[in-house]
Amino acid sequence: HIDNNTQQNEINNNINEIGEEVNENEEEREDKAQALSEKMTNAFNLYANNYEVFDYRKQLTFGEWQQQVRMEAMLCGDGIIVNRINPATGLPMWDWINGYYVRTPDKQNLVTGHEIKNGVELDEKGRHVAYYVQNVKEGKVTFERIPVKGSKSGRQIAWMIYGSERLIEDVRGEPLLSGVLG
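Predicted model, so just to flag it, every value in this text is computed and none were measured.

Draft legend 1. The overall build of the chain, seen in detail. Counting its regular elements, the chain contains five helices and seven strands. Start at the N end of the chain and walk to the C end: the helices and strands fall as α-α-α-α-β-β-β-β-β-β-β-α. Across the 182 residues that make up the chain, the buried fraction comes to 31%. Pairs at least 24 residues apart make up 44% of the contacts formed inside the chain by residues separated by at least 6 positions.

Here it is as structure tokens:
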């Protein structure tokens, strides 16, 4: 496996080569940009088409995973996408958690001003802070708190996907069939 630092260095070197050669004519720069584009497209396709690298559960390729997420979000109303880092490659792996499992725990230890509404922790301004995912093993119920932003990077690592339009004040989505069956 090529680690993430090696790939980042290669990208930086390619960009620097393009930028440093100021005296090249437009056609040469365009050729180099095209070659870099093809290289990046090929690298992404290798990543996206390998379920062992792309999917946290190691079952679906990028395209299959997108279809599954969309279908489940529509049928169940919503769900969360979580960016998890593969320890072997340093690359992101993508996890889908069906909204059915996003629940409010009985015990809550929250920051002052925060509240949990239907399994979604909100700050005082109503922004998503974390999601609570219910797990049941051998009859024992536990909850995993999945923060929206990484504690070290501050980058967004989880977000909720909705199956249909929703009002801004709504925290959760509604299943597609709820309007028909309700």
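Draft legend 2. Region of the structure containing the nonpolar core. Ranked by internal contacts, the top residues of the largest apolar core, which has 14 residues, are Ile80, Val82, Ile97, Val120, Tyr131, Ile146 and Met160. Where this core is concerned, the elements lending two or more residues are strand E1 (78-85), strand E4 (120-122), strand E5 (128-137) and strand E7 (158-162). Broken down by element, this core gets its largest block of residues, three residues, from E7. Look past the residues within four positions of Ile80 in its chain and what remains in contact with it is Asp95, Trp96, Ile97, Val102, Tyr131, Val133, Ile146, Trp159 and Met160. Judged by nonpolar contacts, the second largest core, of 10 residues, contains Val53, Trp65, Val69 and Ile81.

Draft legend 3. A look at the sheet that holds strand E2 (residues 92-98). Taken in spatial order, the three strands line up as E2-E1-E7 in an open sheet, and their pairing is antiparallel. Bordering the open sheet on either side are E2 and E7, each of which pairs with just one other strand. Put simply, the sheet's adjacent strands are angled 25° from each other on average, direction ignored. In this sheet, E2 lies alongside E1 in antiparallel orientation, the contact comprising seven bridges. Across the sheet, the residue bridging to Val82 is Asp95, located in E2. Sheet contacts for helix H4 (residues 62-76): E1, E2 and E7; angle to E2, the most-contacted strand, approximately 25°.

Draft legend 4. Structural view of a negative patch on the surface. A contiguous patch of negative charge, built from Glu27, Glu28, Glu30 and Asp31, is present on the exposed surface. One can find Asp31 in helix H2 (residues 26-48).

About the criteria used
Residues numbered from 1 in each chain as written. Predicted model: local features only at pLDDT ≥ 70, side-chain atom pairs only at ≥ 80, totals over all residues. Heavy atoms only, no water. Helix = DSSP H or I, 4+ residues; strand = E, 2+ residues; numbered from the N terminus. Buried < 20%, exposed > 50% of the residue type's maximum accessible area, 1.4 Å probe, protein only. Contact = heavy atoms within 4.5 Å. Core = buried A, V, L, I, M, F, W, Y, C linked by side-chain atoms within 4.5 Å. Pairing = 2+ DSSP bridges. Axes fitted to C-alpha atoms, helices over the stretch in contact; angles between N-to-C directions. Patch = residues over 30% accessible without salt bridge, like charges linked within 9 Å, V, L, I, M, F, W, Y side chains within 5 Å. Areas by Shrake-Rupley, 256 points an atom, 1.4 Å probe, with all protein chains shown as cover. Salt bridge = Lys/Arg side-chain N within 4 Å of Asp/Glu carboxyl O. Lys, Arg positive; Asp, Glu negative; His and termini not counted. Charge placed at Lys NZ, Arg CZ, Asp CG, Glu CD.

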